[in-house]
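Spelled out, the chains give:
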Amino acid sequence: MKINEFGIAFSTINGSGSATANNTIQRAIFKMGIPVSARNIFPSNIQGMPTWYHLRVSQKEYYGRLEKEDILIAMNPETVAEDIKKLNPNGILLINSSISPPGSRNDISIVKMPVNEILEACASPSNLGIYLANMVYVGILSFLIGIDLDQVEKALEYHFNHRRSAVDPNFNVVKQAFQWAQENLNQDYGYKLEALDLNKGRIMIDGNTAGAIGALFGGLQYAAWYPITPATGLAEALNEYIPRLRTDPSTGSSTCVVVQAEDELAAIGMVVGAGWAGLRSMTSTSGPGLCLMAEYLGLAYFAEVPVVIWDVQRVGPSTGLPTHTSQGDLAFSYFISHGDKDFVILLPSDVGECFEFGWKALDIAEKLQTPVLVLSDLELGMNIWSTDRFKYPDKKIDRGKILWEKDLERMAKEGNKVWGRYKDLDGDGIPYRTVPGNLNAGSAYFTRGTGHDDYAHYSEEHQDWENNLLRLKRKVESAKELIPQPLIVKDQKSENGFISYGTSNMPALEAVDKLSEESLPVDYLRIKAIPFTQSVEDFLQNHQNTYVIEANRDGQMKNLLCMNFPQYANRIHSIARCDGLSLSAEWVCNQFKAQAGKGA
Amino acid sequence: MDANVKRSYPNAIGYTRSDYQGLPTTLCKGCGHNSISNMIVSACYELELQPEKIVKFSGIGCSSKSTAYFLERSFGFNGLHGRMPSLAEGALFADLSLKGIGISGDGDTANIGLSQFKHIARRNLPMVYIVENNGVYGLTKGQFSATAEKGLKLKRQGENPYLPVDIALEAIAANASFVARSFASDPKQVKELIKAALSHDGTAILDIISPCVTFNNQDYSLHSYSWGKGHEAPLHEVEFVPPREEITVDDFERGTIKEVTMHDGSLIVFKKLEREYDPTNRTEAIRMLEEAIRRNWLITGLIYVDPNAPTIFDMYSLGDEPLNRLSAEKLRPDHNALEMINMSFS
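First things first, this report covers the structure right here in the doc. Quantities reported herein were computed from a predicted structural model and do not represent experimental measurements. Just so you know, the residues in each chain are numbered from 1, in the order the chain's sequence is written. Naming scheme: in the order in which they are written, chains are lettered from A and ligands are numbered from 1. Thresholds applied to this predicted model are a pLDDT of at least 70 for local features of residues and 80 or more for the giving and counting of side-chain atom pairs; totals over whole chains, interfaces and linings are not thresholded and use all residues.

Residues and elements named next belong to chain A. A run of H or I in DSSP counts as a helix once it spans at least four residues, and a run of E counts as a strand once it spans at least two, with each numbered from the N terminus. Along the chain, the position of Gly 278 falls in the loop between α9 (264-276) and β12 (281-285). Buried residues are those with 20 or more other C-beta atoms within 10 Å of their own C-beta, exposed residues have 12 or fewer, and partly exposed residues lie in between; C-beta atoms are placed from the backbone. Of the residues examined, Gly 278 has 28 C-beta atoms within 10 Å and is grouped as buried. As for Gly 278 and Val 435, which are separated by 157 residues in sequence, their C-alpha atoms are 5.7 Å apart.

As structure tokens, then:
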């Protein structure tokens, strides 16, 4: 008997409304207090192609992807022969009785679900038929593994915003199917849920929405965007939450503007313009859009304009796999734009950090007067995850070094500091800026992507150019103090270390535990941001071998670490792959053993 | 009063004309762009605009460089090639009381920037958008731009095989609310049109033929001084009348003038020349531009205006206080709001 520790695959056809059924199951299990996660694997298509939903319950609180699952809900006749190969021995196939089950496995149980008969018995409104079919498996599965029907109803209420006209027909089918299962399935299938209390104080949300809400709590004032999967939800969530969070109910006026641009070239131009003019500004995109933003990002870096760019990564290069996940944009983000530059990159690894980095990124960008890239991915952005309730920002909004009329007057009166837009008055590489609307006669300056001196005057003087670039480099040291610090997740004084980041944290965490159970202790450091800080270097120094775990082909983080810390390059190894799926702990463990074994 | 008499004296808000000047130009002697810069200075001085209330934008090219050569006391942003409109679409939201002046060229607008040009027109962002149009790339030394006429011969390029893009026609097709064309060697008209543009509540597009004396000023070139002088066909005489001035129509014969009242109460007065022309008629504007192409006319004047078209700012509900002056407290929702968010996701 497996209790609270197994995986379920739902194989359906996209456009058939299975998302409602699947999300209902995830939420009902969540409400039972059991840690649960789910990944939607879907095609770049609107209707008629295969789609899968992979749900994992884990009372050990592991959220990484499983290579194989224990229960398969088969609603798509075209894929069942392949799907069934990924069932563990002793698994269960729940199959729509109109599909003939493949005879290729005799080590699993098969339950034929009389979907049409159950639907007929429900006398549901016929226009809902196709959508209600999925509620049949919700009911049967609920009986089979013990999902609390009260929680299923509550989950449906949540989904349909308490509209009884939608909840009732759906829940009616669920109950009918449950009853059918009760009457017909009397053997023990070996998988059970037992209610726990592990989700107290937790919420369920997708990364895109979490990032958007974070930005609105970070005082975002201007966002421009262009539709692109998987980033679209982030901008749409801004539009959804501005009326609630950033609109004065008495006057109806809002403090945040969202513009849908004509393309990503314009989206980045708009936010650079807004950031320059003193608005907290942000855009959200994915790889192809980020490519188009490269030139303006170089200008923003050089002209020192604060902007935040969310890259919800998908698989590239090129159009790639638009609906599949990867961590393949890291190296591009690091090197984006021609010439010398350094970009601050934040790497959220869960939806809680999407919220947190959502507001922090705006502070960091304004304090450093530089672009900040936040690298999320499809896995995080478009799936619903559980996290601790969002914590209110622990720091006040910090607008950085902005001078208004009274500040310039005071400086003039004190007379010890003469302001120049690009003059380093504090020795931290960060100059003071004024913004349009400042009416002080000395406030205006001319911003350009060409060479300039401390006073923003055009200059082709070689020394001016070099001085300016060296000052910009000094900002990197200031950045190290502002960015989220790396986290030592596991320290067992092992000679082997893991480094990971973003969503690869999920398999990395689990792999570290699994290896410990096999008496192969590994330490683990999670990087939350770039530039790399001293503790990253210390970690590399303290381990004979460090393995960098990430979802891209080339081991991009590994390469950046080797480049930044060449003295340790021969001790840094890569555990990386890119096939459009997130990594699994099982695969990470196997890779580690193979590589470590070779090294020994 | 004669503007030349006025210029050395402070205007009503206390600024002399030199307060509106910029750095010395580095463009070629005789370049049409310098004359346009001068007219921007005059227009702002005469309209009594506070220089600090104006924001300059430009893309890349000779024309875009010129934003440094006027209004030194104004903020300016020299952005990327063809992508000045997007900068302005972000920046001008910061403080709606600011006036934007964008300077672009024919390459910057009609080649690399055609998309952003058309989109700013359809969004109707309140700002002045001047295209200093000479049909040629200057900074890269003499290549055809998209406004160069078919058959134009340039030294190292041979003959231009393509038909040109008509900036005014593109603007109207994109639903621009203010479209004018002028000629750099007609400074009075340029100045009046700039004043009208600065008073327009929407994107005011000025396509100004501004000859490149170094690379494209041959007599046969459609962007040369001599061709322009020989073919200029003004649609009307334009005079701008600020809101508070009495209209004195004595100069005009009664029955031959037409007025358009702008959003801020100012008037644009049109004196009829050879033919009737109604600049508020979009269909007529398109027809006139087509006719001008067929007949080789350099039509100048205000081709089309809709003073009441909704702007991009009308699409948002923003408060009176400029967005970029809002205190941090006004930008962060309170604890209660986060509590509601947490509740709604649990």
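Now that the structure is up, let's keep going.
This part covers the sheet that holds strand β11 (residues 257-260) of chain A. Residues and elements named next belong to chain A. For two strands to pair, DSSP has to find at least two bridges joining them. The strand order across the open sheet formed by seven strands is β11-β10-β12-β13-β15-β14-β21, and the pairing between neighbours is mixed. Of all the strands in the sheet, just β11 and β21 (529-530) have a single pairing partner and so form its edges. The pairing of β12 with strand β13 (residues 307-313) spans four bridges and is classified as parallel. Within β13, the position partnered with Thr 285 by the bridge is Asp 311. What counts as a contact here is a pair of residues whose C-beta atoms, placed from the backbone, lie within 7 Å. In this description, a line fitted to the C-alpha atoms serves as the axis of each element, helices being fitted only across the stretch in contact, and the angle between N-to-C directions of two axes falls anywhere from 0 to 180 degrees. Packing of helix α12 (residues 351-368) onto the sheet brings it into contact with β13, β14 (344-346) and β15 (371-377), and relative to β15 it is tilted by some 160°.

Time to look at the environment of Ile 54 of chain B. All names here are of chain B. As for its position among the elements, Ile 54 is in strand β1 (residues 54-58). Given 24 C-beta atoms within a 10 Å radius, Ile 54 is considered buried. Remark: the alpha-carbon pair of Ile 54 and Arg 73, spanning 19 residues in sequence, is separated by 8.8 Å. Once you skip the residues sitting within four places of it in the chain, Ile 54 turns out to touch Cys 44, Leu 49, Leu 71, Ser 74, Lys 99 and Ile 101.

Further remarks concern the nonpolar core. Residues Ile 73, Leu 94 and Val 136 of chain A together with Leu 206 of chain B are the most contacted members of the largest nonpolar core, which totals 270 residues. Setting aside its immediate chain neighbours within four residues, Val 136 of chain A contacts Met 113, Val 115, Ile 118, Leu 119, Val 173 and Ala 177 of chain A. What we call a nonpolar core is a set of buried Ala, Val, Leu, Ile, Met, Phe, Trp, Tyr and Cys residues whose membership is set by joining through C-beta atoms within 7 Å. Within the second largest apolar cluster, ten residues are counted, among which are Cys 62, Val 136, Ala 148 and Leu 152 of chain B.

This part takes up unusual backbone geometry. A cis amide bond links Thr 229 of chain A to the next residue, Pro 230 of chain A, at an omega of 5°. Mapped onto the elements, Pro 230 of chain A comes out in the loop between β10 (222-225) and α8 (232-245). Across the junction of Ile 530 of chain A and Pro 531 of chain A, the peptide omega takes the value 20°, indicating a cis bond. Tracing the chain through its elements places Pro 531 of chain A in the loop between β21 and α17 (534-542). Positive phi is not limited to glycine here, since Ser 318 of chain A has a value of about 60°. By the element assignment, Ser 318 of chain A lies in the loop between β13 and α11 (330-335). Given 9 C-beta atoms within 10 Å, Ser 318 of chain A falls into the exposed group. For Asn 175 of chain B, which is not a glycine, the phi torsion comes out positive at approximately 70°.

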